Amino acid sequence: MSKLSAYNNKRNFNKTKEPMGKKSKKAKRLRFCIQHHIARKDHYDLRLEWNGVLISWAVPKGPSYNPKDKRLAIKVEDHPIDYRNFEGTIPKGEYGGGTVMLWDKGYWEPIKGYKPNFKEGPIKFILKGSRLKGMWTLVKLKNNDTSWLLIKDKDEYHLYDDINEFNTSIKTNRTMDEIKDNIKHIEITNPDKIIYKKPKVTKVDIINYYKAVSKRMLPLMENRLISTIRYPSGSKGSSFFKKHFENLHKFLGLKRIKSKKEHQNDYYYIKDINGLISEVQMNSYEFHVWGCLASDVSHADMLVFDLDPDELLSLKRLRKGVKDLKSILDEYELSSFLKTSGGKGYHVVVPLNAKVTWKNARLIAKNIAELMEARWPNKYTSNMKKSKRKGKIFIDWVRNTKGATSVAPYSLRIRKKLTVSMPISWNELDKIKPDEITMEEAIKRLKRKDPWQKFNN
Ligand code: ATP
Ligand code: MN
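Scoring rules and cut-offs
Residues numbered from 1 in each chain as written. Chains lettered and ligands numbered in written order. Predicted model: local features only at pLDDT ≥ 70, side-chain atom pairs only at ≥ 80, totals over all residues. Heavy atoms only, no water. Helix = DSSP H or I, 4+ residues; strand = E, 2+ residues; numbered from the N terminus. Buried < 20%, exposed > 50% of the residue type's maximum accessible area, 1.4 Å probe, protein only. Contact = heavy atoms within 4.5 Å. Near = heavy atom within 4 Å. Polar contact = N/O pair within 3.5 Å; in protein donor to acceptor, adjacent residues only side chain to side chain. Areas by Shrake-Rupley, 256 points an atom, 1.4 Å probe, with all protein chains shown as cover. Nonpolar A, V, L, I, M, F, W, Y, C, P; charged D, E, K, R; others polar. Pairing = 2+ DSSP bridges. Donors = N, O, S within 2.8 Å, 3.2 Å for Na, K, Ca; no water. Axes fitted to C-alpha atoms, helices over the stretch in contact; angles between N-to-C directions. Left-handed = near helix turned anticlockwise from the far one by under 90°. Domains from an automatic or database assignment. Salt bridge = Lys/Arg side-chain N within 4 Å of Asp/Glu carboxyl O. Core = buried A, V, L, I, M, F, W, Y, C linked by side-chain atoms within 4.5 Å.

### A look at the side chain of Thr16
In step 1: In this structure, Thr16 sits in the loop between helix H1 (5-10) and strand E1 (30-38).
In step 2: Judged by its relative accessible area of 6%, Thr16 falls in the buried class.
In step 3: If we skip the residues at most four places from it in the chain, Thr16 touches Arg11, Ile90 and Pro91.

Put into C-alpha cells, the structure is as follows:
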C-alpha cells in the first residue's frame, strides 16, 4: 500500500482542487509548510517532508513561540509534497471542506545527534520558514496513537513573535475571507460591454451584482437543475434559452437524464459561486430553476405558483389574488414564500419537505389552482388559455412539471428596465410592485433580514 493511499482515498479529485497524491523524489533539502485551515474546526496543519511525502499534524491552536505552551498536534494522514503550495477552498461536503491558507513554508532540519523518530517521537528539529524559526520539539503522548505535543525550545527565537498577528497568506498576502471569496481564476472578457444604455449597466456590473447576492441566491439555486437566458450582445440583442450542458467550463455539474426513446439529454447545475460567475461571464444573465435537485430529478422539492393577471387588471386585484392563494396554502399548512417576478406578477413558492413525485406535485398544484377558481370563479382561472383570462388572474400551476422552469430568486430580469425576481416578506406585498426592485435596489436590500431565511429548513 502506498504511503499516500489514505490521502487519496479520502478525496474526490473531480471535486477538489487539492493535488493528487504522488510520492516525490528526495530533494536536497527537507521542506516544510504550515497551512491555516478553517474547516469544521479551525486549525493549523504542520507538514514536514520525509521520504518523499509530507508527514502531517493538525494543530488546533496553532504553533506558539512561548516554550510554556504545549500545543496539541494530532497526527493525520501523510500528504503529497505538492501539497506544500496548496491554498484555496475545498468544496463544502468534501473531505476537509473549507478554506486553506498557506501560512508558512521553508526548510527544516533534524537536530544533529537526534535521529527523528516519526513513529514514537520525539522529533527535535529546526525550522527555517518566514514566520517560524528556531528549534522545536514534537513529542508523542503515551498510550495514544495520534496525539503529540508541539513545543518551542528555548533559543534565540523563543517569544520571537505572536503568531496571532500573522493573518495573511505568505503566498498571496490574502486574508482567509479574501481566499474564500476569490473566484478562483475566472477571466471576465469584455467587462465594459454595455448591457443597458440608460441607466448604464455593463457586464462587470452584472458580475458584481451576482457576486453580491451569491450568499443569498446560491442556497436557493445550487445543486438544482437550471436553464439560463443568454444575451451575447446586451439587453437589446438576441437571446437564447440555454437548457443543455456544454463542456466549455469546468465549474458546472452535469446531469444526464434518459428520456423515452433511448435518448438522453445533458442538463446542468451550479455547484458554487464559480459556476455562477462563469455562467455570467458567458453572458447568462437570467437564471431559471427546475423544481427539483440534480440529485433526485424524479421528485419535486418545491411548488411554484405564478400569478399572471389579465393586462387590464389592477395591482390591488393582483395582490388580493396572492393573499387568497396564501390563505389556501395556510389552510393546508403549507409554508409559502413570496417574490416579485421582476415583470408583471408575483410568484409564491412552497418548499416540499417530503418526497413528492412529479405526478403528485402537479396534481397538488392543479388542485390548489382549481380550488381558487371554484371559490372565486369570477376572479381566478386555472386555465392557461389567454381567452379565459379576461378580467381574471391565471393561477399558473403548469410549471410544476418535470423539466419546467421558473425564474430563480435573485435572478435579474432582462426587461425594459433591469429588474430582479426579488424575495420579499409577506407584509411587503402591498408595498412592492412586481417590477419595482431593480438591480441596484436589490443590492441595497441585502442589508435587511433575509425574508426567505426559513426556506431551506
Ligand atoms: P411575468 O411576471 O412577467 O409573467 P414570469 O417569470 O412569471 O414573469 P415569463 O418571463 O413569461 O414569466 O416566463 C415564463 C416561464 O417560462 C418561466 O417559468 C421561464 O422559466 C420559462 N421560460 C422562459 N423562457 C423560456 C424559453 N425560451 N424556453 C422555455 N421556457 C422558458
Ligand atoms: Mn408570470
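Past the structure itself, the notes keep going.
### Concerning the environment of Ile90
In step 1: Within the element layout of this structure, Ile90 appears in strand E5 (residues 88-90).
In step 2: Under the relative-accessibility criterion, Ile90 is labelled buried at 3%.
In step 3: In this structure, the C-alpha to C-alpha distance between Ile90 and Glu370, residues 280 residues apart in sequence, is 48 Å.
In step 4: Setting aside anything within four residues of it in sequence, one finds Ile90 in contact with Thr16, Glu18, His37, Tyr83, Tyr95, Gly96, Gly97, Gly98 and Val100.

### Regarding the site of ligand 1
In step 1: Around ligand 1 lies a shell of 15 residues, among which His288, Ser341, Thr405, Arg413 and Arg415 are the nearest.
In step 2: One of the side-chain N or O atoms of His347 is found 2.8 Å from an oxygen atom in ligand 1.
In step 3: Its free accessible area being 630 Å², ligand 1 has 68% of it covered by the protein chains.
In step 4: Sorting the residues of the shell around ligand 1 by element identifies strand E17 (299-309) and strand E22 (406-407) as the ones contributing at least two each.
In step 5: Among the residues making up the shell around ligand 1, the classes are represented as two nonpolar, seven polar and six charged.

### A word on the pairing of strand E9 (residues 147-152)
In step 1: With six of its six residues buried, E9 lies for the most part within the structure.
In step 2: Burial of E9 is two-sided: the residues Ser147, Leu149 and Ile151 facing one way and the residues Trp148, Leu150 and Lys152 facing the other way are all buried.
In step 3: Pairing between strand E4 (residues 70-80) and E9: five bridges, direction antiparallel. The partner of Ala73 across the bridge, within E9, is Trp148.
In step 4: Where strand E8 (residues 133-140) hands over to E9, the hairpin turn is made up of six residues, of which Asn143 adopts a positive phi near 55°.

### Things to note about the coordination of the manganese ion (ligand 2)
In step 1: Bound to the manganese ion (ligand 2) on the protein side are Asp306 (OD), Asp306 (OD) and Asp308 (OD), at distances that span 2.2 to 2.5 Å. Pair check on accessibility: Asp306 and Asp308 agree, each one buried.

### Thoughts on the packing of helix H3 (residues 203-221) against helix H4 (residues 273-281)
In step 1: Relative orientation of the contacting elements H3 and H4 amounts to 145°, with a least axis distance of 9 Å. H4 is crossed by H3, and the crossing has right-handed handedness. For the pair H3 and H4, the contacting residues are Lys203, Ile206, Ile207, Tyr210, Lys211, Ser214, Met217, Leu218 and Met221 in the first and Ile273, Leu276, Ile277, Val280 and Gln281 in the second.

### Looking at the pairing of E17
In step 1: Buried residues dominate E17, accounting for ten of its eleven residues.
In step 2: Summarising the sheet, E17 and strand E19 (residues 346-357) pair through eight bridges and their orientation is antiparallel. By the bridge assignment, Met302 is partnered in E19 with Pro351.
In step 3: By the bridge criterion, four bridges tie E17 to strand E21 (residues 393-396) in an arrangement that is antiparallel. Looking across to E21, one finds that Asp308 is bridged to Phe394.

### Observations concerning unusual backbone geometry
In step 1: The omega torsion of the bond from Gly121 to Pro122 falls at -10°, within 30 degrees of zero and hence cis.
In step 2: Position of Pro122 among the secondary structure elements: in the loop between strand E6 (98-110) and strand E7 (123-129).
In step 3: Cis peptide bonds are those with omega within 30 degrees of zero, and the linkage from Lys198 to Pro199 qualifies with -10°.
In step 4: In this fold, Pro199 is placed in the loop between strand E10 (194-196) and strand E11 (201-202).
In step 5: Of note in the backbone geometry, Asn51 takes a positive phi value of approximately 50° without being a glycine.
In step 6: Counting through the fold element by element, Asn51 comes out in the loop between strand E2 (42-50) and strand E3 (53-59).
In step 7: Taking the relative accessible area as the measure of exposure, Asn51 reaches 39% and is therefore partly exposed.
In step 8: Positive phi outside glycine occurs at Leu159, with the angle close to 60°.
In step 9: Mapped onto the elements of the fold, Leu159 is located in the loop between E9 and helix H2 (176-181).

### What about the domain arrangement of the protein chain?
In step 1: Here the domain parsing of the protein chain yields domain 1 (5-180), domain 2 (194-293) and domain 3 (299-401 + 422-445).
In step 2: Computed over C-alpha atoms, the centres of domain 1 and domain 3 are 54 Å apart.

### Comments concerning the pattern of salt bridges
In step 1: Within the structure shown, the criterion is met by 32 salt bridges.
In step 2: Glu87 serves as the salt-bridge partner of Arg174, at 2.8 Å between the closest nitrogen and oxygen. Placement of the pair is Arg174 in the loop between E9 and H2 and Glu87 in the loop between E4 and E5, with a sequence separation of 87 residues.
In step 3: A relative accessible area of 9% means that Glu87 is categorised as buried.
In step 4: A salt bridge links Lys444 to Glu441; the shortest N-O distance between them is 4.0 Å. With a gap of three residues between them, Lys444 and Glu441 both fall in helix H7 (residues 439-445), about one helical turn apart.

### Brief notes about the nonpolar core
In step 1: Residues Tyr210, Phe287 and Phe305 are the most contacted members of the largest nonpolar core, which totals 83 residues.
In step 2: Ranked by residue count, the leading element in this core is H3, at nine residues.
In step 3: If you count residues domain by domain, this core takes at least three from each of domain 2 (194-293) and domain 3 (299-401 + 422-445).
In step 4: In this view, Phe305 contacts Leu325, Leu329, Tyr346, His347, Val348, Val350, Ala365, Ile368, Ile395, Asp396 and Trp397; residues no more than four positions away in its chain are not counted.
In step 5: Counting residues in each nonpolar core, the second largest holds 26 residues, with Phe32, Leu48, Met101 and Ile179 among its members.

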